[in-house]
Amino acid sequence: MTARSAPSIKRRRTASANAPDWRNALFVAPYLFFFVTLLVFPLFWGIWLSFHKADIFTNGPFIGLGNYLRLFNDAVFLQSVGNTFYFVLLTVPTLALLGLFLALSLNSNSRLATILRGLFFSSSVLSVTIVTLIWRFVFIPQYGLLSAIYKLFGSEVPSFLTDPNLAMIAIAITTIWWCIGLPMMLFLAALQQIPADIYEAAALDNASRWRTLISITLPSIRRTFVLVVIIQIVMQFQLFGQAWLMTRGGPNNTTRAIVLHIYDLAFRRWDVGMGAAASEVLFVLILAAATIQFLTSRSAGDRS
Amino acid sequence: MSARSTPGAARRGFGDHIILVAVLALSIAMIAPALWVIGLSLKDNHEVMANPNSVFHPPYIIDNYVNILYGGGVLRWILNSLIVSVGLTFGTLLLSSLAGYGFARLDFPGRNILFIVVLFGLAVPEQAVIVARHQIFSLLKFHNTYHGIILPGLSNAFGVFLMTQYFRAIPKELDEAALIDNASRFKIFWKVLLPLTLPAQATLGIFTFLLSWNDYFWPLISATEKNMYTLTVGMASMQVNFAQSEGVGFLMAQAVFAGAPIFIVYLFFQKYIVTAVSGAAVR
Amino acid sequence: MTAEIDIRNVSKSYGPLKVIENLSLSIPAHEFVVFLGPSGCGKSTLLRMIAGLEGIDDGEILINGERVDPLPPGKRGLAMVFQSYALYPHMTVRQNMAFGLENLATPAPVIAERIAAAARMLEIDHLLDRKPGQLSGGQRQRVAIGRAVVKEPKAFLFDEPLSNLDAALRARTRIEIAQLHQRLRATMIFVTHDQIEAMTLAERIVVMNNRRIEQIGPPMEIYDQPATRFVASFVGTPQMNFFDVRGATGSQIRLDGTLSLSTRVDPIDAGRAAALGIRCEAVRVTGEGQGDADGVIDVLERLGDRALAHVRLPGGQTVIANEIAQTKQRVGDRVGLGFDGAKAHLFDAAGVALPLRSAP
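All values derive from a computational prediction rather than experimental measurement.

Structural notes on the overall build of chain B
No. 1: Secondary structure summary: chain B contains 14 helices and 0 strands in total.
No. 2: Listing the helices and strands of chain B from first to last along the sequence gives α-α-α-α-α-α-α-α-α-α-α-α-α-α.
No. 3: Taking all 283 residues of chain B together, the buried fraction comes to 46%.

Things to note about the overall build of chain C
No. 1: Helix and strand counts for chain C stand at 9 helices and 21 strands.
No. 2: Within chain C, the fraction of its 360 residues that count as buried is 43%.
No. 3: Contacts in chain C between residues far apart in sequence, at least 24 positions, make up 64% of those at least 6 positions apart.

Some words on the interface of chain B and chain A
No. 1: Chain B puts 79 residues into the contact, and the matching count from chain A is 84 residues.
No. 2: Among the elements of the structure, α1 (14-41), α4 (74-105), α5 (111-121), α6 (126-140), α11 (198-213), α12 (217-222), α13 (231-241) and α14 (248-282) of chain B are those that each provide at least two residues to the side of chain B that touches chain A.
No. 3: Here the side of chain B that touches chain A is composed, by residue class, of 56 nonpolar, 19 polar and 4 charged.

Focus on the interface of chain B and chain C
No. 1: Each side of the interface is counted separately: chain B has 13 residues, and chain C has 18 residues.
No. 2: Looking at the side of chain B that touches chain C element by element, the count peaks at 6 residues for helix α9 (residues 172-180) of chain B.
No. 3: Grouping the amino acids of the side of chain B that touches chain C by side-chain chemistry returns 9 nonpolar, 1 polar and 3 charged.

Examining the sheet that holds strand β15 (residues 275-278) of chain C
Residue and element names in this part refer to chain C.
No. 1: Strand order across the open sheet formed by 3 strands is β11-β15-β21, with antiparallel pairing between neighbours. In this open sheet, the two strands that pair with only one neighbour each are β11 (241-244) and β21 (345-347). Between one strand axis and the next, the sheet turns through 25° on average, direction left out of account.

Focus: the nonpolar core
No. 1: Formed by 264 residues in total, the largest nonpolar core has its most connected members in Ile134(A), Phe187(A), Ala278(A), Ala255(B), Val34(C), Leu157(C) and Ile189(C).
No. 2: Aside from chain neighbours lying at most four places away, what touches Ala278(A) is Leu71(A), Phe77(A), Ile258(A), His261(A), Ile262(A) and Leu265(A).

Some remarks on unusual backbone geometry
No. 1: That bond from Gly250(A) to Pro251(A) is cis: its omega, -10°, falls within 30 degrees of zero.
No. 2: Secondary-structure assignment places Pro251(A) in the loop between α12 (241-246) and α13 (258-267).
No. 3: The phi dihedral of Asn9(C) is positive, around 50°, even though this residue is not glycine.
No. 4: Among the structural elements, Asn9(C) can be located in strand β1 (residues 5-14).
No. 5: Phi is positive for Arg211(C), which is not a glycine, with a value near 65°.
No. 6: Classification of Arg211(C) by C-beta neighbours within 10 Å gives partly exposed; the count is 19.

Re the packing of helix α3 (residues 75-105) of chain A against helix α11 (residues 222-237) of chain A
Residue and element names in this part refer to chain A.
No. 1: In the contact formed by α3 and α11, the axes pass within 9 Å of each other and the chain directions differ by 145°. Crossing of α3 against α11: the hand is right-handed. Where α3 abuts α11, its residues Thr84, Phe87, Val88, Thr91, Val92, Leu95, Ala96 and Gly99 lie against Phe225, Val228, Val229, Gln232, Ile233, Gln236 and Phe237.
No. 2: Partitioned by chemical class, the residues of the contact of α3 with α11 number 10 nonpolar, 5 polar and no charged.

Remarks on the sheet that holds strand β14 (residues 260-262) of chain C
All names here are of chain C.
No. 1: The 3 strands are arranged β12-β13-β14 in an open sheet whose pairing can be described as antiparallel. Each edge of the sheet is formed by a strand with only one pairing partner; in this case those strands are β12 (247-249) and β14. Strand-to-strand twist in this sheet, taken as the mean axis angle between neighbours without regard to direction, amounts to 20°.
No. 2: Relative to strand β13 (residues 252-254), β12 is paired through 3 bridges, and the arrangement is antiparallel. Counterpart to Gly247 in the pairing with β13 is Arg254.

Some thoughts on the domain arrangement of chain B
Residues and elements named next belong to chain B.
No. 1: As assigned here, chain B comprises domain 1 (15-61) and domain 2 (68-282).
No. 2: Taking only C-alpha atoms into account, the centre of domain 1 sits 34 Å from that of domain 2.
No. 3: Taken together, the contact pairs 9 residues of domain 1 with 8 residues of domain 2.
No. 4: Counting only elements with at least two residues in the side of domain 1 that touches domain 2, the list comes to α1 and α2 (45-50).
No. 5: Among the residues forming the side of domain 1 that touches domain 2, the class breakdown is 5 nonpolar, 2 polar and 2 charged.

Structural notes on the domain arrangement of chain C
Residues and elements named next belong to chain C.
No. 1: As far as domains go, chain C holds domain 1 (5-233) and domain 2 (238-347).
No. 2: The partner domain 2 presents 6 residues to the 4 residues of domain 1 that form the contact.
No. 3: When grouped by side-chain class, the residues that make up the side of domain 1 that touches domain 2 number 2 nonpolar, 1 polar and 1 charged.

Some remarks on α9(B)
No. 1: Among all positions of α9(B), only Asp175(B), Glu176(B), Ala177(B), Ala178(B), Leu179(B) and Ile180(B) are buried.
No. 2: Buried residues along α9(B) sit against α4 and α10 (185-193) of chain B together with α1 (43-51) and β6 (78-81) of chain C.

Side note on the environment of Leu201(C)
Residue and element names in this part refer to chain C.
No. 1: Mapped onto the secondary structure, Leu201 falls in helix α6 (residues 195-201).
No. 2: The class for Leu201 is buried, based on 23 C-beta atoms found within 10 Å.
No. 3: Along the primary structure Leu201 and Val34 are separated by 167 residues, whereas in three dimensions their C-alpha atoms are 7.7 Å apart.
No. 4: Excluding residues within four positions of it along the chain, Leu201 makes contact with Phe32, Val34, Arg174, Ile177, Ala178 and Phe190.

Looking at the pairing of strand β10 (residues 212-217) of chain C
Residue and element names in this part refer to chain C.
No. 1: Alignment of strand β9 (residues 204-209) against β10, held across 5 bridges, turns out to be antiparallel. Across the sheet, residue Ile205 finds its bridge partner in β10, namely Gly217.
No. 2: Hairpin remark: β9 followed by β10, antiparallel, with 2 residues in the connecting loop; positive phi at Asn210, about 50°.

Quick notes on the confidence of the model for chain C
All names here are of chain C.
No. 1: Predicted confidence across chain C gives a mean pLDDT of 90, with 99% of residues reaching 70 or more.
No. 2: Taken element by element, the predicted model of chain C shows its lowest mean pLDDT in helix α9 (residues 267-270) (86) and its highest in strand β3 (residues 32-36) (96).
No. 3: Our summary of model confidence lists the complex with pTM equal to 0.82 and ipTM equal to 0.85.

A word on helix α3 (residues 108-122) of chain C
Residues lying three or four places apart along an α-helix face the same way, a consequence of the helix completing one turn every 3.6 residues.
Residue and element names in this part refer to chain C.
No. 1: With 15 residues, α3 should cover 21 Å at 1.5 Å per step; its first-to-last C-alpha distance of 21 Å lies within 8% of that length.
No. 2: All of the buried residues in α3 are Ile115, Ala118 and Ala119. Seen along its axis, α3 keeps its buried residues to an arc of 100°; they face one direction. Turned more than 90 degrees away from the buried face of α3, the exposed residues are Pro109, Val110, Glu113 and Arg120.
No. 3: As for α3, its buried residues are in contact with α2 (93-103) and α4 (137-150).
No. 4: Following α3 by one or two positions, Glu123 has its phi on the positive side, about 60°.

With respect to the environment of Gly60(A)
No. 1: By secondary structure assignment, the location of Gly60(A) is in the loop between α1 (29-50) and α2 (66-72).
No. 2: Once residues lying within four places of it in the same chain are set aside, the contact partners of Gly60(A) are His52(A), Lys53(A), Ala54(A), Asp55(A) and Gly273(A).

Observations regarding the packing of helix α8 (residues 181-193) of chain A against α11(A)
Residue and element names in this part refer to chain A.
No. 1: α11 packs onto α8 with a crossing angle of 160° between their chain directions and a minimal axis gap of 10 Å. One way to sum up the angle between α8 and α11 is to call them roughly antiparallel. Here the hand of the crossing between α8 and α11 comes out right-handed. Between α8 and α11, the residues in contact are Pro183, Leu186, Phe187 and Ala190 and Thr224, Leu227, Val228 and Gln232, respectively.

Let's talk about the pairing of strand β18 (residues 306-312) of chain C
Residues and elements named next belong to chain C.
No. 1: One ladder, built from 6 bridges, connects strand β17 (residues 293-302) with β18; its direction is antiparallel. Bridging across to β18, Leu300 finds its partner in Ala309.
No. 2: Alignment of β18 against strand β19 (residues 318-324), held across 7 bridges, turns out to be antiparallel. Residue pairing in the sheet places Ala309 in a bridge with Ala321 of β19.
No. 3: What sits between β18 and β19 in their antiparallel hairpin is a turn of 5 residues, with Gly316 showing a positive phi close to 105°.

So, how was this worked out
- Residues numbered from 1 in each chain as written.
- Chains lettered and ligands numbered in written order.
- Predicted model: local features only at pLDDT ≥ 70, side-chain atom pairs only at ≥ 80, totals over all residues.
- Helix = DSSP H or I, 4+ residues; strand = E, 2+ residues; numbered from the N terminus.
- Buried ≥ 20, exposed ≤ 12 C-beta atoms within 10 Å, placed from the backbone.
- Contact = placed C-beta atoms within 7 Å.
- Nonpolar A, V, L, I, M, F, W, Y, C, P; charged D, E, K, R; others polar.
- Pairing = 2+ DSSP bridges.
- Axes fitted to C-alpha atoms, helices over the stretch in contact; angles between N-to-C directions.
- Core = buried A, V, L, I, M, F, W, Y, C linked by C-beta atoms within 7 Å.
- Left-handed = near helix turned anticlockwise from the far one by under 90°.
- Domains from an automatic or database assignment.
- pLDDT = per-residue confidence, 0-100.
- Expected span 1.5 Å × (residues − 1).
- Arc of directions from axis to C-beta.
- Parallel < 35°, antiparallel > 145°, perpendicular 65-115°, else oblique.

Shown next as structure tokens:
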């Protein structure tokens, strides 16, 4: 068989099937279009807006840090920051610990445990409007659920939602009822990752139940605990719906959350520049809180 | 082997009983508010306002539910929410699958950097961009439209992240076999790999649908006309008026009516939803 | 249908690491060639370069005289059987087999006919409507082969296809692949690290090590006339016995201790000898003092058809020798070893085999 002479193609690096190719980017292009136009661009425009005295129609003059200065001199804004921190402190530890308790207690295959797990998660699929609707009618004096319960014991329910000292607590309770499902599920998943042989070894080592819990179970899910806390910090800093719908930020601005303030500034008073500035402050706060939490847990972990 | 039950539970001790009581107490606390609302919804408005304790005994009526079908905008709101949620889910699945395949399986200049940038997008909270988005949409006259409510959700990076991870997990040999079978890159995506991602699609789809259905902040500021309200916004608007016009029972019926569909979906797809939400958070 | 494959001066680098350097190889049509070597030797890389799944940085690959290296994998007219079969899990067997042909716009009747013929030949016709998940490992293997067969490719590429099968299935499938080649007479390139597969299936073996070709030749040539120490040690079970050469006088090679063998090496080359290799079938176990060296049996492996005696020499080295199956020897026995020097191989310091005079 005669070999045909090879055509004279100049020697060049031949692309393999997996070589980089511009055309491959077409697959990510559609998503990237929306990502850039609806996330990246607004992010930077928002920052830009925060440096201007802007309203809904015009962008106004450049005022540098003017908006930020006004924010930090605004007692109401500072109060809303404090409120939000208070709220986070009320909800995050409770959600984490309660979620852990429920996960530990309901980590079994029994029928009852399965049903209860489903029950505790079910509240998480409801929207904030339905949740607040339900809980307003728990707290409301006269025909609220708590009112009925208090009456059984012969006393009157305090008016949670109109009492400056109790309003935030009421919102916190509502939020815990609403959000408990996720931490519980995350802990359950983590508990199920623990290999059974560790427990068997502990049993052979004669460890008591308490000892097993403290020395084996909890350390094994430390990472998840940190994760749950970080997630909840990020989520609860963004408090809006519950505060807006149950108390409108009152009484006396005691339940005014940062996002509520942003909503008020940007979409009610149309002070868009200030609203943007407040939202950037929130962004920084969330990032800082999550990072601090992450770093402290990391170093604590390294030491242990 | 995973530990499906916290062990050492061989002996039912005193501690166990306390735990059981605590859990049951919490369970009651979980379910009581919902029961209360259902109870109120089945009572006549005036009867409840006059005597709150009437919740505990009959008569129970369904008039409130009947009235929903006639008055109020609930049905319209449900339709709006449906359109928005289905639209966003569909769009997200499409965009995320395409992008996930691109990031996971194909190489192009700047791919790794782009992926990291997209990942950073996950860290940005909604509020940091919402003011600017609102302004942009005002300029484009997108407010009070369906696309106006749907579009921002398409920039969510979670779907891309999830699908990329899932595509990465599929053995590369399938791509190679298809390449030798002379399939184009798109054909490999569409005919070979995409069908294998159904579990991830289900998870992402349910997660996106749920998130969109329950979204409040963006529809609140973008859909300001009553007939464009989504269910969450519409329900919220009702809360202000109840004492004057609608009545407690009616309001509660609306709440039950609005919450029931998603609750039923939850009952059927519990496993998927839990996977979706847990997976989302662990990102 | 079948093709000759020409690889000319091919090189490939991963960044600074030169994976394949200036490699050339010619495979005539109809040949069953095996790329044999340990993990990481480059045999799979070479196969994938032929397939188009890896690019080449320099050189050419030609099929039937035409350059294919610029072409994508799908356009080279090849078919590949993967180690993990790579069957499309969500498609039926029939759809798996049809996929490649559909992409080439083959008319449906032709596709159906080819699938039927291939299924009959491989005895998988009753599985056509099942999905890969419902098949056993051996069945999946045959479907993977069937998927390749229907394409009537210019050459078949096998990437360690038997590695995922258990021993019994492996032996059976080996025979089926040999029969397939007899039947189709197609060019087949088979990559494996298992020298038994190579010896039994190949018309020619390409032995590779460290990304270079060590030797190319028919199986018996590889076995009887290894070109390098690596080839000699890699092929043949158990491994060849190796000794350090202490000196040479004419064709007489001196090893450790008093051991000295008369070999077939040319006296001119004998001075360069650094190592001597001799297979266990050329070493006999004798009575103590009756052979070329004495030692103690360390381990006695009974294989059923023969036994392998691991004999420790006074210097500490262990030599493996063939014994009959029913040997009465026991561990700890003092024995002698008789070496057939004519069957010894000699290697220089670089591991290259020294030429031997033909056997008398």
